[in-house]
Amino acid sequence: MNAYVTIKALTRVFDVSKPWLNRILERRGKALLTAVSNVDFQIEERTTYALVGESGSGKSTIGRMLVGLLDPSEGDVQVDGVNLATEADAAKVAKVRSHIQMIFQDPYASLNPRWRVRDIIAEPVASKGGETEGLAERLLEQVGLHPSDAGKFPHEFSGGQRQRICIARALASEPRLIVCDEPTSALDVSVQAQVLNLMSDLKEELGLTYLLITHDLTVVRHMADRIGVLYLGRLVEEADPQSLFDAPKHPYTQMLLDAAPRMDGFGREVPPPQGEIPDPIDPPSGCAFHPRCPIAEDICRQERPEMKALGKGRVACHLAR
Amino acid sequence: MTTPVLSIRNLSVEIPTRQGIVKPVDGVSYDISEGEILGVVGESGAGKSMAGNAVIGLLNAPAHISGGEIWLNGVRIDPLKGEEMRKLRGKEIGMIFQDPLTSLNPLLTVGDQLAETMLTHLPISRKEAAERAVAALEEVGIPGAAERIDSYPHEFSGGMRQRVVIALALCAEPSLVIADEPTTALDVSVQAQIISLLKRLCRERGTAVMLITHDMGVIAEAADRVAVMYAGRLAELGNVRDVLTQPRHPYTHGLMASTPLASEGQKRLHQIPGAMPRLQHMPNGCAFHPRCPKVQKRCSHDPLPPMAEGRAACWSPLLAEAVE
């Protein structure tokens, strides 16, 4: 197996300062928000890599940098051996980019209400001047809808059906990598199952690679081949689902798994996690998790832990054994 | 048997539309006792929020209660109108909505909002109300309550805002709290905090809670009893452990099986074919029959069998076979 996507020391900083006049009058400096900080990981071909984390953990920002909706502040995104930020040959970059597609969370907002489904699905191909005859019909059938649906408008479909249309559109340009940003968060449980099954089937049939971005641990456990856990823009742990769920190494991962509601947790009384995610503009020193960590020591307050190999995965914690 | 705090009998809600009358809630009955958490679970469009809104009198016209009765502490409240209902709301029934930002007034400090609610419903002085407001914030676990009492809602984080909403819902000491998806907009770790808070406060005060959610995990951990709704009707009602581990209604069974957790180690998730019927095109007989794996001839035309505690509204319930 070789790595299809390699992300190296990826960092993204947003300038969230007030306008310059306010800064002068209020005597304040610039405010910089580090959404993603020094993240490294690789996605192997034909696998599903899941990024999990709570809101503000930077998971969507990483996805957006991978598809090119945002530029990295520092670090590299390499897809299929091509460095998307530094590669000089524009044709090479364009070719790799055409192999990357994205599915968004809200199927109500990501389809143009004034376009027919046929035009929506064929657009990625049509915009490059490709042949679109019968394409939408074929793809609709592939995602479990009826070919005659091509003439309808998005409002005629339910949430689950719309997400299928989004998937069909993503498939139109024959991608190899699909970034799925919370693909089922807006859907009901029974519909979520249909969409997840469809995604698994397509992965098998077409040899797709997925980057799955979600906060739902149950979905991750079912879908992922490898999981990266993010906290405040930093990757804190990476492992395969079995090791991660059975023996989480990082205290944050442990906290997250304990806090997730369980179907068999009847009347479960566990002390809920303490505190909240800190302000990303002014993150804690050392390990970002130390103010909430039950086992934090002095070193955690001073030094940021590096990612180190441990067991079958990697973990960024001074005290993980 | 003591009187239940809330008793809903055969409640129906109708909305007249151009295509005819639709029934988002159709013949629903359940009780909630003191100190009990009833989970109301269902997918979008199941009518679970609509039933909650009917109880607190927040149906938007043209939706209206078309049948049935709602009893609160032995008093029938569904015929109440305008001012009478307004007095009851807030005093006897507290409401927690999904989005904490839209349920707080952005132009008033949280202290003013708490004091206003208490002054409206409780016979106390302005000074007392201000003191109680601080105590209420402390009780829901907001650190530095005395200083934060003069903060505006936007100065709080999502989890803290939801705590303020809970304080607001409970400050007039209602006997019933309706929590409509209280944690759906929150992160996992904050969700655990809020659920644990809600459980603790209701146990301490003996408040009855209607917990409306689509998350089976939340139901399992928080609720004592559960009502499963489908297409405006009650599919199953019973003790939470019984319903979730041994569902009787094929819909409950399908719903449980399609959660990724239940199919651990399997490649494919169990899926229920199709989608919830639209209200304008409600099937005859059992609303679930077009999607049901155990459908029989009578399901498509006979009215549903009567519902009772620990039973399913189904002609071929799953558990009955095992018993007989």
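Conventions adopted
Every chain begins its residue count from 1, and numbering advances along the sequence as written. Whichever chain is written first is A, and whichever ligand is written first is 1; the rest continue in order. Where totals are concerned, whole chains, interfaces and linings use all residues; where local detail is concerned, this predicted model gives features only for residues with pLDDT of at least 70, and gives and counts side-chain atom pairs only at 80 or more. As a rule here, side-chain values come from all non-hydrogen atoms in the structure, and water together with hydrogens is ignored. UniProt positions are given in the numbering used here, feature names are shortened, and annotations may be inferred rather than shown by experiment. Whether two residues are in contact is decided by their heavy atoms: any pair within 4.5 Å suffices. When two components associate, each loses some accessible surface as probed by a 1.4 Å sphere; the sum of these losses over both components is called the buried area. A side-chain nitrogen of Lys or Arg and a carboxyl oxygen of Asp or Glu constitute a salt bridge if their distance falls within 4 Å. For the purposes of these results, a polar contact is taken to be a pair of N or O atoms within 3.5 Å, where, inside protein, one atom must be able to donate a hydrogen and its partner to accept one; residues adjacent in sequence count only when each atom of the pair is a side-chain atom. Each helix is a run of H or I in the DSSP string that is no shorter than four residues. Each strand is a run of E no shorter than two, and both are numbered from the N terminus. Pairs were defined over the aromatic rings of Phe, Tyr and Trp, the Trp ring being its six-membered one, requiring ring centres within 6.5 Å. Orientation was assigned from the angle between planes: stacked under 30 degrees, edge-to-face over 60, tilted for the rest. We call a residue buried when its accessible area falls under 20% of the maximum for its residue type, exposed when it is over 50%, and partly exposed in between, using a 1.4 Å probe and counting protein chains only. In this scheme, Lys NZ or Arg CZ marks a charge over a ring once it lies within 6 Å of the ring centre and within 35 degrees of the ring normal. Each pair of strands is called paired provided DSSP finds at least two bridges between the two strands.

Chain B is annotated in an unreviewed UniProt entry as ABC transporter ATP-binding protein of Actibacterium pelagium. Per UniProt, chain B carries the Subcellular location (unreviewed entry) text "Cell inner membrane". Its UniProt record gives chain B a comment under Sequence similarities (unreviewed entry), which states: "Belongs to the ABC transporter superfamily."

Looking at an unreviewed UniProt entry, one finds chain A named ABC transporter ATP-binding protein, with Actibacterium pelagium as its source organism. The heading Sequence similarities (unreviewed entry) in the UniProt record of chain A holds the text "Belongs to the ABC transporter superfamily." The heading Subcellular location (unreviewed entry) in the UniProt record of chain A holds the text "Cell inner membrane".

A few words now on the interface of chain A and chain B. Of the residues lining the interface, 40 residues belong to chain A; the matching set on chain B comes to 45 residues. With both chains or domains summed, chain A and chain B bury close to 3,500 Å², and 53% of this area falls on carbon and sulfur atoms. Of all residues in chain A, Met263(A), Phe266(A) and Glu276(A) bury the most surface against chain B, accounting for 21% of the area lost on that side. Counting every contact that joins chain A to chain B gives one salt bridge. With a shortest N-O distance of 2.6 Å, Arg268(B) and Asp201(A) are connected by a salt bridge. Counting the contacts that link chain A with chain B gives 12 residue pairs in polar contact (both at pLDDT 80 or more). Those elements giving two or more residues to the side of chain A that touches chain B turn out to be α7 (189-206), α8 (217-223) and α10 (251-259) of chain A. For the side of chain A that touches chain B, the element with the most residues is α7(A), which contributes 10 residues.

Further remarks concern the side chain of Gln192(A). Here Gln192(A) shows up in helix α7. At a separation of 3.2 Å, a polar atom in the side chain of Gln192(A) contacts the side chain of Thr184(A). Ignoring any residue separated from it by four or fewer positions in sequence, one finds Gln192(A) in contact with Thr184(A), Leu187(A), Asp216(A), Val219(A) and Pro260(B).

Summed over the entire model, instances satisfying the criterion amount to seven aromatic pairs over all chains. Arranged with centres 4.5 Å apart and planes meeting at 50 degrees, the rings of Tyr231(A) and Tyr252(A) form a pair that is tilted. Linking Tyr231(A) in strand β9 (residues 226-231) with Tyr252(A) in helix α10, this pair joins segments that are 21 residues apart in sequence. No difference in accessibility class separates Tyr231(A) from Tyr252(A), as the two residues are buried. Aromatic pair Tyr252(A) and Phe289(A): ring centres 5.3 Å apart, planes at 70 degrees, arrangement edge-to-face. Note that Tyr252(A) is positioned in helix α10 and Phe289(A) in the loop between α10 and α11 (298-302), a separation of 37 residues in sequence. We classify Phe289(A) as buried; its relative accessible area is 1%. Chaining the aromatic ring pairs together yields one cluster made of Tyr231(A), Tyr252(A) and Phe289(A). The ring of Phe156(B) carries Arg148(B) above its face, with NZ or CZ at 4.2 Å from the centroid.

Here the UniProt-annotated "domain: ABC transporter" (unreviewed entry) positions come out as residues 6-256 of chain B. Between the C-alpha atoms that bound residues 6-256 of chain B the distance is 27 Å, and the span itself is 40% helix and 27% strand.

Residues and elements named next belong to chain B. By the criterion of burial, strand β10 (residues 233-239) is predominantly enclosed, with six of the seven residues buried. Taken together, strand β9 (residues 225-230) and the strand that follows it, β10, pair antiparallel across an intervening segment of two residues, in which Ala231 is found at a positive phi of about 50 degrees. Of the pairings in the sheet, the one linking β10 to strand β11 (residues 311-312) comprises two bridges and is antiparallel in character. Looking at β11, one finds that Glu236 is bridged to Ala312.

Let us look at the UniProt feature "domain: ABC transporter" (unreviewed entry) in chain A. The UniProt feature table records "domain: ABC transporter" (unreviewed entry) at residues 11-257 of chain A. The span residues 11-257 of chain A carries 38% helix and 23% strand; its end-to-end C-alpha distance comes to 27 Å.

Before going further, it helps to spend a moment on the sheet that holds strand β5 (residues 75-76) of chain B. Residues and elements named next belong to chain B. Strand order in the open sheet formed by four strands is β2-β1-β4-β5, with antiparallel pairing between adjacent strands. Each edge of the open sheet carries a strand with a single partner, namely β2 (20-32) and β5. As defined by bridge partners, strand β1 (residues 6-17) adjoins strand β4 (residues 64-72) across seven bridges and the pair is classed as antiparallel. Bridging across to β4, Leu6 finds its partner in Leu72.

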